[in-house]
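# What the coordinates show
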Amino acid sequence: MIRRRVAILISGRGSNMSALIEAAKAADYPAEISLVISNRPDAAGLAWARAEGIPTAVVDHTTYGQDREAFERALQAVLEVHRIEFVCLAGFMRLLSPWLVERWHGRMLNVHPALLPAFKGLDTHRRALAAGAKVHGATVHLVAAEVDSGPIIMQETVPIVTGDTVETLAARVLEAEHRIYPEALKKLARAANK
Ligand code: 4DW
């Protein structure tokens with residue numbers, strides 16, 4: 001079995017990063033987490049990744065001022081040095097331009113805390129509660145230039161129950177995210193092995 005080389009991009013704690021790292025420890029998992037990159041030097045997820053023995057890199061966007069292209073060229077260079085084949089965004093907060101997204105066409109994943117195409121954007125749990133939705137959930141999708149709109153790879157629904165708050169609902173959705181993100185990456189990596 002070939003293990004595909006995966007980089008995870010984070011900006012903070014990266015709880016989905018931890019879920020991916022744990023899943024990739026399985027002997028039959030078709031991908032390995034080969035690199036964690038943060039755009040923030042102080043991201044808590046960096047220490048976690050290092051403790052797991054995973055190489056880390058910081059590409060600090062503030063170094064490049066308003067020049068998003070320069071930031072992305074630096075990101076791409078690091079990905080190439082590490083021979084990365086797939087990229088997973090995990091709470092990564094910088095909008096990526098078509099330049100980078102096209103380079104990773106079909107090979108870059110993100111997880112969104114809602115059942116896309118419902119509730120694109122921020123504040124999904126509050127909006128789902130306000131709409132009176134009875135179900136909510138999480139989506140893993142391929143990253144496209146337009147935010148929250150690439151092809152859907154996997155989804156899981158969670159119920160919305162009486163008394164739910166943004167916090168209780170967010171926690172339930174996060175558990176779903178942690179289940180489907182590793183499954184979606186497995187699916188993508190397996191498809192690449194065929
Ligand atoms: C996302 C989308 C936009 C911003 C932040 C997060 C969701 C995940 C994502 C990250 N980068 C992406 C995606 C995506 O779905 N599609 C693409 N790239 N193409 C966002 O606008 N962030 C702003 C900065 C926020 C901050 O630094 O706190 C920004 O100006 O980049």
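Look up a bit, the structure's there.
In this report, the structure presented in the accompanying data block is examined. (Residues numbered from 1 in each chain as written. Predicted model: local features only at pLDDT ≥ 70, side-chain atom pairs only at ≥ 80, totals over all residues. Heavy atoms only, no water.)

### Considerations on the packing of helix H1 (residues 15-23) against helix H6 (residues 166-192)
At a closest axis distance of 9 Å, the pairing of H1 and H6 adopts a crossing angle of 50°. As the angle between them shows, H1 and H6 are arranged oblique. Handedness of the crossing formed by H1 with H6: right-handed. Note on element contacts: H6 touches H1 through Leu 174, Glu 177, His 178, Tyr 181, Pro 182 and Leu 185, opposite Ser 15, Asn 16, Ala 19, Leu 20 and Ala 23. For the contact of H1 with H6, the per-class residue count stands at seven nonpolar, three polar and one charged. (Axes fitted to C-alpha atoms, helices over the stretch in contact; angles between N-to-C directions. Helix = DSSP H or I, 4+ residues; strand = E, 2+ residues; numbered from the N terminus. Parallel < 35°, antiparallel > 145°, perpendicular 65-115°, else oblique. Left-handed = near helix turned anticlockwise from the far one by under 90°. Contact = heavy atoms within 4.5 Å. Nonpolar A, V, L, I, M, F, W, Y, C, P; charged D, E, K, R; others polar.)

### Let's talk about H1
H1 sits mainly inside the fold: seven of its nine residues count as buried. Where H1 is buried, its residues touch strand S1 (4-10), strand S2 (31-38), helix H2 (44-51), strand S4 (86-90), strand S5 (108-112) and H6. (Buried < 20%, exposed > 50% of the residue type's maximum accessible area, 1.4 Å probe, protein only.)

### Concerning the pairing of S2
Among the eight residues in S2, seven count as buried, and that is most of the element. Of the strand pairs in this sheet, S1 and S2 are connected by seven bridges, and their pairing is parallel. Within the sheet, the bridge partner assigned to Leu 9 lies in S2 and is Ile 37. What joins S1 to S2 is H1, and the crossover it makes is right-handed. Sheet topology places S2 next to strand S3 (residues 56-58); three bridges connect them, and they run parallel. Counted as the bridge partner of Val 36 is Thr 56 from S3. (Pairing = 2+ DSSP bridges. Right-handed = clockwise from strand over helix to strand, strands pointing away.)

### Some details on the sheet that holds strand S6 (residues 135-142)
If you walk across this open sheet you meet the seven strands as S3-S2-S1-S4-S5-S6-S7, and the pairing is mixed. For this open sheet the edge positions go to S3 and strand S7 (152-159), each flanked by a neighbour on one side alone. Across the sheet, the mean angle separating the axes of adjacent strands is 20° when strand polarity is ignored. The sheet contact formed by S4 and S5 spans three bridges and is parallel. Bridge pairing in S5 links Leu 89 to Asn 110. Across the face of the sheet, H6 comes into contact with S1, S2, S4, S5, S6 and S7 while running at roughly 155° to S7.

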